[in-house]
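Chain by chain, the residues run as shown.
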Amino acid sequence: MLRMADCYRKLGDSQAKKLYERVLREYTDQKQAVSIARARLGPGSPVKTTGVAMRQVWTGTGVDPSGSPSPDGRYLSFTDWETGDLAVRDLSNGTSHRLTNTGGWGASGDYASKSVISPDGRFVAYSWFLENAMKNELRVLPVGDTSGAKPRTVFRSEGSRDYAEPFGWSPDGKRLLIVRNLPDRASQIAMMTVATGSIQAIKSFGWNQPSPALSPDGRYIAYEAPAEDKPEDRDIFILAADGSADTPAVRTPAVDRYPAWSPDGSRLLFLSTRTGTYSLWTVPVDSGKPAGEARLVKGDVGPVTLLGMTRRGSLFYALPGSQHRNIYFADLDSDGKAASAAKLATDRLVNSSSGPAWSRDGELFAWYSSAAAGTVRLCIRNMKTGQEREVPVKVPVMHLFLAGPKWFPDNKSLLILAAEGKRRLFYRLDTSTGETQLLHSTNNSSLSSFDLSPDGKTIYYCVQNDQISNNMNGQVIRFDIGSDQPKILAQNRWFIAVSVSPDGSQLAVLESADRNAGNSERPNGSFISVLPTSGADSPRGIHGRETWMDGSRYNTLGWSPDSKYVLFVTGSVAQNAGNIIWRVPVAGGAAEQIGVSMPARIKSPSIHPDGKKLVFATMNSDSGEIWVLENFEAQQTSRL
Amino acid sequence: MIAHLLLAAAAVAVPLGLDLYVPAPPSNPLTPESIELGRQLFMDRRLSRDASISCASCHDPARAFSDSRAIATGVFGRVGRRNSPALINRGYGRLFFWDGRAATLEEQVLKPIEDPNEMDLSLAEASARLQLKPEAIAHALASFIRSLLSGNSRFDRYMDGNRSALSPDELLGLRSLPRQGQLHCVPFGSQLHDDSLHNTGVAWNGQTFSDGGRYEVTKRPEDTGRFKTPTLRDVSRTAPYMHDGSLATLADVVDYYTAAGIATAIWTPRFAHCTFRSGRNLRWCRS
């Protein structure tokens, strides 16, 4: 069909366009053909499907799903994660410009997050995090002004965990629809008066992201909430802005999310998994109530985020990039520094492997692969023969922050973490049979890291206890296998990760300090401490402060085989920004790089027992995409 | 600060700090007429067997619709088992009674009428006395309770952006609650409670639980000693405190939690680490 289209194209026949569009529409699995057809049609060319048209308006580095389109569809607000600035993409010419100027992450940890453009297109309301003050603000700034106009602060939080995010403007531009998140993790749908910052709560929830959308006439708020009987599903409701009613609009045994209003307020568009894949649906509404059955608009669009609707009915949505996870080896010299460039550790299960772990004798190497969502495969390689095999696992493995299994000293069994609801369970898994034995369980779902002592007798883990108001009440816990009760080794801090030294005597702990929580002796940042595994002493800081915005802290600790150095990772919050592996002497002294850096997040750094080889995992993502769906109303009209 | 019975055309007037949306079932929409009928029934002693008490006898409007006695006293001087809870803002609730045994206000309001230790009147007799069907009695009383809204406190004004609404001491108390208190039952949401059930050791007498709490509803051992968190709104008016009225003053309550209560076998582990800054918390509670 592509060749036929090319023939028509050479003849200048308009039939070519129709054929290219058919390729895009009917042969989505043939990526090369689709790519050529798209190129022939030209950038931004509409892809017509059954009554609707779709076009990609932005892809590549910098795509971010936290903003909204301007009413005329020309601009899209977003956060520039290279610097943390609020920015606007001009979709008419493909350029972006920043509306704020943080000076970059090196100069400031401030950043913008959720943003929404006003109905007249002149202003943008956005959330702004102030790193030094550890507070959140809601600000308003002119959209078109790049001359450094000062933003107007409408709201300033009490602390770092109290914040207001804008989701819409009233038609007259005088009020903002916001979600206010309170320190106790309550969420409120509320209206905020722009002139005064006064907030009127309309409905409160437990911790929730209701993704509310204000109807064009400002009378109704559509939002999503967990289904009462099955919280993993979500339903859509319509709340009267005056608080007089709250009505279910979409209730199915599926995930129904991201309501968006049609320009005339007669329909809601939303994302739904009711057919088994993520699809766009619409339901007619009248006077704040559903007025008919929901209809499919476009099937199989992927796990998109709906960003908003223009006044002409163009729906903007963001498609996330796919994630790649790989494991790398790097040779080390006698000083423990990199002697070679990192190379892929395994050719199998590329882009889905993580959580590497050396056996205690160094002859085996285990890792997890999660090629399909929700499935985790346990793989083992014999380092001498290169033979690889998979071990069947009968329990629901939890791939916690991409952490892998831990070897017992017999080199035949592994400690694995599993999850059943909020329960976290530690099993000993026999690698020859796949049989498991439950060793310990905890109902604390905030468990963030774990490790096994070299003698295989003790499990160490940390929990964050962050369900309440902050993370500062975490604990480092020691559980002696076979005992009744775990023992608390350290507490009342925000613990991120733990790692046991190869000699079993010390525990490295990565923690964060929150200036706002009264830790005046520890300014805001990340710290590494060591403490005796016996619990005989309190943690002793050996390194800090790393940047607060390090996005790669979980599962980033390791040790040198001689137990003299702790390995750690630094990086940026940006998704694909480079990470660097460092080491810091336990006895005291400056941290130094070991010569390994990757253009990705680094996890699970681990040195072979012989000290000659480093293994680690990386994680990065493809660029996301911004798409526009048009003419959905025409399709609905024709069908009705 | 109670701002009740201020009626708007479509609903009650909602004071600052509360959700504008006051839930009501479709079968019992909130109307001025149903609220007024409920108010009259709330004061009506005919709803008790000996016509000696009304709902208001144990839910005093001057005390945020709670009771100054530790344990509720019913007809013929019969003493119940638990403290009469405050009724303010219960329209937002999802669980009713200390043990959460009622899921709706309509269900809840009829129980005390029938309870032998409270009003001890069958619904049939109540219906005959008032010439109203039990459902109509339930709807009216539930509507009245939905109209009992308390907000616009200095705390609410502070949360609305008036940073001078609280004194420095009160502010320290406010900040120390979630930071040092670490209690999931002391939140800052509109209602100042989590509408959930917790075992904080109040019913533990050192050897056993004097009141099974939620266990008496579910018969699940893990529910033993669990009671619903009461609201902190108007808390200075609702003494004595706890499900059994065992703590007479706010200072007693803060002292209780400062000492982390009494260790129980199935206690929320997080609770064991709670500490309060007594004076500060006390001042905030009174704001």
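Remember, it's a predicted structure, so these values are computed and weren't measured experimentally. Each chain carries its own residue numbering, running from 1 in the written order of its sequence. Here every chain gets a letter starting at A, and every ligand a number starting at 1, in the order they are written. For this predicted model, a pLDDT threshold of at least 70 governs which residues receive local features, and a threshold of 80 or more governs which side-chain atom pairs are given and counted, while totals over whole chains, interfaces and linings are taken from all residues. For the side-chain quantities, the full set of heavy atoms in the structure was used; hydrogens and water were omitted.

**Regarding the overall build of chain A**
Within chain A, the regular secondary structure consists of four helices and 48 strands. With a 1.4 Å probe rolled over the protein chains alone, any residue whose accessible area is under 20% of its type maximum counts as buried; one over 50% counts as exposed, and the rest are partly exposed. Split into buried and exposed, the 640 residues of chain A put 57% on the buried side. Nonlocal contacts in chain A, meaning residues at least 24 apart in sequence, comprise 44% of its contacts between residues at least 6 apart. Note on areas: Shrake-Rupley, 1.4 Å probe, and residue coverage restricted to the protein chains presented here. Approximately 26200 Å² of chain A is accessible, and the part contributed by carbon and sulfur atoms is 47%. Each helix is a run of H or I in the DSSP string that is no shorter than four residues. Each strand is a run of E no shorter than two, and both are numbered from the N terminus. Two residues qualify as a contact provided that any one of their heavy atoms is within 4.5 Å of a heavy atom in the partner residue.

**Points about the overall build of chain B**
The number of helices and strands found in chain B is eleven helices and two strands. From first element to last, N terminus to C terminus, chain B shows the α and β order α-α-α-α-α-α-α-α-β-α-β-α-α. Considering chain B as a whole, with its 287 residues, one finds that 54% of them fall into the buried category. Considering only contacts in chain B between residues 6 or more positions apart, those separated by 24 or more positions represent 65%. Surface summary for chain B: the accessible area is close to 11800 Å², and the carbon and sulfur share equals 55%.

**A word on the sheet that holds strand S5 (residues 95-98) of chain A**
Residue and element names in this part refer to chain A. On the basis of which strands lie adjacent, the open sheet formed by three strands has the order S3-S4-S5 and antiparallel pairing. Looking at the sheet topology across the chains shown, the edges are occupied by strand S3 (75-80) and S5. Strand-to-strand twist of the sheet, defined as the mean angle between neighbouring strand axes without regard to direction, takes the value 30°. When DSSP finds two or more bridges between a pair of strands, those strands are recorded as paired. In the sheet, strand S4 (residues 85-90) pairs with S5 via four bridges, with the strands oriented antiparallel. Bridged to Arg 89 within S5 is Ser 96. A fitted line through C-alpha atoms represents every axis, and for helices the fit uses only the stretch in contact; the resulting angles, taken between N-to-C directions, go from 0 to 180 degrees.

**Details of the nonpolar core**
Throughout, nonpolar core names a set of buried Ala, Val, Leu, Ile, Met, Phe, Trp, Tyr and Cys residues whose side chains join them through atoms within 4.5 Å. With 40 residues, the main nonpolar core has Phe 42, Ile 113, Ile 137 and Leu 141 of chain B as its most contacted residues. Looking at this core, the elements with two or more residues in it are helix H1 (32-43), helix H2 (55-58), helix H5 (123-130) and helix H6 (134-146) of chain B. Considering every element that reaches this core, the biggest residue donor is H6 of chain B, with seven residues. Counting residues in each nonpolar core, the second largest holds 17 residues, with Tyr 258, Leu 269, Leu 271 and Leu 280 of chain A among its members.

**Points about the pattern of salt bridges**
A pairing counts as a salt bridge when a side-chain nitrogen of Lys or Arg comes within 4 Å of a carboxyl oxygen of Asp or Glu. Inspection of every chain in the model, using the stated rule, returns 46 salt bridges over all chains. Among the salt bridges present, the one from Asp 410 of chain A reaches Arg 428 of chain A, with a minimum N-O distance of 3.1 Å. Taken as a pair, Asp 410 of chain A in the loop between strand S31 (406-407) and strand S32 (413-420) and Arg 428 of chain A in strand S33 (residues 423-430) lie far apart in primary sequence, 18 residues in all. Between Arg 493 of chain A and Glu 511 of chain A there is a salt bridge, with its nearest N and O atoms 3.1 Å apart. Here Arg 493 of chain A is found in strand S38 (residues 487-500), whereas its partner Glu 511 of chain A is found in strand S39 (residues 506-513), with 18 residues between them in sequence. Here the salt bridges share partners, and the residues they tie into one network are Arg 81, Arg 82, Asp 99, Arg 101, Asp 211 and Glu 216 of chain B.

**Overview of the environment of Gly 168 of chain A**
All names here are of chain A. Looking at the element boundaries, Gly 168 is found in strand S10 (residues 163-169). When its relative accessible area of 8% is taken as the criterion, Gly 168 is described as buried. Distance in space between the C-alpha atoms of Gly 168 and Gly 144 is 19 Å, their sequence separation being 24 residues. In contact with Gly 168, other than residues within four places in its own chain, are Val 116, Arg 175, Leu 176 and Leu 177.

**Looking at H6 of chain B**
By definition here, a helix of n residues has an expected span of 1.5 Å times n minus one. For H6 of chain B, with 13 residues, the first-to-last C-alpha span of 18 Å sits near the 18 Å given by 1.5 Å per residue. Most of H6 of chain B is tucked away: ten of the 13 residues are buried.

**Side note on the side chain of Thr 79 of chain A**
Relative to the helices and strands, Thr 79 of chain A resides in strand S3. Residues adjacent in sequence count toward polar contacts only when both atoms are side-chain atoms; beyond that, a polar contact is any pair of N or O atoms within 3.5 Å, and within protein one must be able to donate a hydrogen and the other to accept it. For Thr 79 of chain A, the side chain forms a polar contact with the side chain of Ser 66 of chain A, separated by 3.4 Å.

**A look at the state of the cysteines**
All names here are of chain B. Cysteine sulfur pairs qualify as disulfides if the two atoms are within 2.5 Å. For the structure on display, the rule yields zero disulfides over all chains. In this structure Cys 58 is a free cysteine whose sulfur lies 9.0 Å from that of Cys 55, the closest cysteine sulfur available. Exposure remark for Cys 58: the relative accessible area of 11% places this residue in the buried category.

**Some thoughts on the sheet that holds strand S27 (residues 353-358) of chain A**
All names here are of chain A. Reading across the sheet, the four strands line up as S27-S28-S29-S30 and stay open at both edges, with antiparallel pairing between neighbours. Because the sheet does not close on itself, it has two edges, and the strands there are S27 and strand S30 (388-391). The average undirected angle you get between the axes of adjacent strands in this sheet is 25°. The pairing of strand S29 (residues 377-382) with S30 spans four bridges and is classified as antiparallel. Counted as the bridge partner of Leu 378 is Val 391 from S30.

These values are about where atoms sit, not about what they do.
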